[in-house]
Amino acid sequence: MNNPNNLKSYSAFLLKNYIEDLSKDAIAMTKKMNFSVCRFLMQFSEETLYAHTKRGFEDILQDIINDTPFQALIEKIALWKDGKSLIPRNTLSISDITSIHYIRKAVLLDFLKYYECSKTELIGLVKEISDYFQTSTELGLKAVEEIQTEELGDKNEIIHGILSSVPVIVTKLNKEGKITYSAGKGLESLGHKENDLKNISIHHDYIFPENTENIKNALKGNSVTYLGRAKAVNGEIREFQNYFIPDNNGAIGFSIDVTERIEVEKRFQNFIDVVKDYAIFKLTPDGFISSWNEGAEALKGYEKNEIIGKHFSIFYENDLKEKHFPEYELEQATLHGRFETEGIRLRKDGSRFWANVIITALFDEDKNLVGFTKITRDLTERKLAEERLKRSEERFRSLIEDVKDYAIFLLEPDGTIASWNEGAKRIKGYNEDEIIGKHFSIFYTEEKKKQKYPEYELVQAAKHGKFEDEGLRVRKDGSTFYANVLITALHDTSGKLIGFSKITRDLTERKFLEESLQSMNADLENMVKERTDELLKTIKELQRINNDLDNFIYTASHDLKAPISNIEGLISSLFEELGEISSLNVDLREIKTMIDVSVEKFQVTIKDLTEIAKIQKESLENVELVGLSELIDDVKITISDQISRNNAEIIYHLDDCNEIKFVRKNLKSIIYNLISNSIKYRSPERNPIVKIMCSSDEYFNTIICQDNGLGIKAENIDKIFNMFKRFHDHVEGSGVGLYIVKRIIENAGGRIDVESVEGEGSIFKVILPKGELELHS
């Protein structure tokens, strides 16, 4: 149809009468279509879609009427290419452009049946409209191609950047499984360059089996993801994460070198597996356990095969499960990246422990949640320690507050009073509300304040850790008291000074007592001195008397020897003169016998007195190491008749001290008297047994003489060492032996003890100090 007015008049007719119907029909047809652009348009409201469609038809018809073909279309395409259209530029494909024009063309042609014209004219109109829409379709397709060319250039630039900087390998394979292209920085780790692998088949020995199987699957039309190995030129085996997708010519693959990452993950996993102080394991996004380490097994009690696949709420008590606390933990970790808490958790055996728990959310590169890591630490001991410390602090605080004999309070670093207890109130006189916040110098005399002594105390306490002092302090009422003060510096964990503790004790009474005691001590010292002088004087007098007594005994014994000898000689001469008369006269014989016995006893007494006189003089002379066993054997020979006559048995055990440093003669006298007396005072009911033993410690040797004789009455034990004291008349003796023994022992600085049970026997213990020779041996 050559006359364009027919098309213009038709367009004007439609624009005037049917524009609304055209728009509605176009929307209705769009809803029926299954093109992607149709699905995209359906997301808009019907009002917006209607307005947009109506505007499109108006622009087309107005271009025809105004004889300005395609002007509105060109302007819309320009806006679309610039991203300023209702439809985004990356939404429309070639098929979408074709679909839009198909819908518009179909709707317009549908309305031609209402137009009154000949069939020839109708065909002309259809041709005009078809030509119009064909041209507009071509313009749209050209715009799409331009956009795709532009985007392809951007993509190629991006791909080139990726291939040259990211350690990835891009591989193309044909349908026969032969590599047609390989490139990417990832080839460097294998020692290859671009296309070095070209023409290698997936069935080649160079290709590992896992690669062959997965690529064959991709060539069958399936996308595959897998971990595979590749051999470098130097023989090193490296690991790659591979992604292969099918395409029309075969398959395309992307391979990322993950060797170092896997090695790090293995080392990290090995580290986690051997950690025993922490339970470290992974959870799936819904909370099911997917890994387990030795620390988790040790802490929770579950073995790996028992716990993998179980929900981690198995470690929680029922009340927390009912509150959905495990799920809450995962929600918080997902929301904030991590979640930390402390609380009671359960072991396999049902026992409870106090745990510190950290849950960390794990996301992939696209920020999709892929799971969680969970680290649990057993803090039971720390919790118990904290609770003990808390109770201890509470008890200590209560104790401090209730203490009344000590003023105990805290100071700020500048000396301001920060706390107050009952003792402080009692001693100082201030209530808590009166004193808190005041400087502690309030307790010092004006003289001390002027000297800045309170400040000096704090400086010294801070420098040395504590400061102790005694002196006068001032109460609220102005009275003074004598105080002991201990100030201790307090520091935080970093060593920073945070204040002081101050303990004050009222020593007024003690000070008074000390002064009184000092006065008493002075008086006592004077009394002791006077008494000591008197004692020294008495000792000197006793020493003089003792010396006089020793001299007297020695002189008497010496002077009596000659007269006794003379008496003995005269008696003998007298009886010789009497001759037969004395032998025939019974009375004279008895008198002579009595005189002989008396003279003998007198001679024994003189001998004993002589021995006593010699003891003091010989006590420090002729000291030597004396063998006890030899000495006892010597005594046994001396009294062999006495031993034999009484069937006595002498037993001795001297392993501990077989040798003693002492005057041999004196030690023999001790042993002789003890053994002889044990046999003399035997029990008539049994043969005498005498046991001699010796023990030794650092400073003393102890000789023990034990018998089974008559024993001694308890009231007589303290008297047996008195001179001339005897308790048994049926036994001959002078009563001097034990006196001599005691005198010898005491002169040597020792002592003798007695234990006795009448009728059972006695035990004599001779305790002698060790001589210098023994102390240094």
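These lines cover the structure that appears in this document, whether it is placed above or below. Residue numbers run consecutively from 1 along every chain, following the written order of its sequence. Predicted model: local features are reported for residues with pLDDT of at least 70 only, side-chain atom pairs are reported and counted for 80 or more only, and whole-chain, interface and lining totals are derived from all residues. Only hydrogens and water are set aside when side-chain values are computed; all heavy atoms of the structure are taken into account.

**Quick word on the packing of helix α22 (residues 628-638) against helix α24 (residues 664-680)**
For the pair α22 and α24, interaxial distance at closest approach is 10 Å and the crossing angle is 55 degrees. Looking at the two axes, α22 sits oblique to α24. Every pair of crossing elements has a handedness; the one defined by α22 and α24 is right-handed. Contact residues: Leu 628, Leu 631, Ile 632, Asp 634, Val 635 and Thr 638 in α22; Arg 664, Leu 667, Lys 668, Ile 671, Tyr 672 and Ile 675 in α24. When its residues are assigned to classes, the contact of α22 with α24 shows eight nonpolar, one polar and three charged. For helices, the axis comes from a line fit to the C-alpha atoms of the stretch in contact; other axes are also lines fit to C-alpha atoms, and the angle between any two N-to-C directions lies between 0 and 180 degrees. Secondary structure elements follow DSSP: runs of H or I no shorter than four residues count as helices, runs of E no shorter than two count as strands, and numbering proceeds from the N terminus. Any angle that is under 35 degrees is reported as roughly parallel, and any over 145 degrees as roughly antiparallel; angles of 65 to 115 degrees are reported as roughly perpendicular and all others as oblique. With the far helix as reference, a near helix turned anticlockwise by less than a right angle produces a left-handed crossing, and one turned clockwise produces a right-handed crossing. We call two residues in contact when some of their heavy atoms are within 4.5 Å. Under this grouping Gly is polar, as are all residues other than the nonpolar Ala, Val, Leu, Ile, Met, Phe, Trp, Tyr, Cys and Pro and the charged Asp, Glu, Lys and Arg.

**Looking at the side chain of Glu 457**
By the element assignment, Glu 457 lies in helix α18 (residues 453-464). When residues no more than four places from it in sequence are discounted, the contact partners of Glu 457 are Phe 440, Tyr 444, Phe 467, Asp 469, Arg 473 and Ile 487.

**Concerning the sheet that holds strand β11 (residues 466-474)**
Strands in a sheet are paired, the pairing made by backbone hydrogen bonds, and the direction either parallel or antiparallel. Strands pair, by our definition, only if DSSP identifies at least two bridges between them. Ordered in space as β10-β13-β12-β11, the four strands form an open sheet in which the pairing is antiparallel. Of all strands in the sheet, those bounded by a partner on one side alone are β10 (406-411) and β11. Ignoring which end each strand starts from, the neighbouring axes of this sheet average 25 degrees apart. Here strand β12 (residues 480-491) runs beside strand β13 (residues 497-506); their pairing, made up of nine bridges, is antiparallel. Across the sheet, Ala 489 pairs through a bridge with Phe 500, a residue of β13.

**Points about the nonpolar core**
Within soluble globular proteins, side chains that are nonpolar generally end up buried alongside one another. The criterion is simple. A nonpolar core is a set of buried Ala, Val, Leu, Ile, Met, Phe, Trp, Tyr and Cys residues joined through side-chain atoms within 4.5 Å. Partly exposed residues are those whose accessible area sits between 20% and 50% of the maximum for their type, while under 20% is buried and over 50% is exposed, using a 1.4 Å probe and protein chains only. In this structure, Ile 675, Ile 703 and Phe 764 are the most contacted members of the largest nonpolar core, which totals 38 residues. Listed by contribution, the elements that provide at least two residues to this core are α22, β16 (659-663), α24, β17 (689-696), β18 (700-707), α25 (737-747), β19 (751-757) and β20 (761-769). If you tally residues by element for this core, the top one is α24, at six residues. With residues near it in sequence (within four places) discarded, Ile 675 still touches Ile 632, Val 635, Ile 639, Ile 650, Val 690 and Ile 692.

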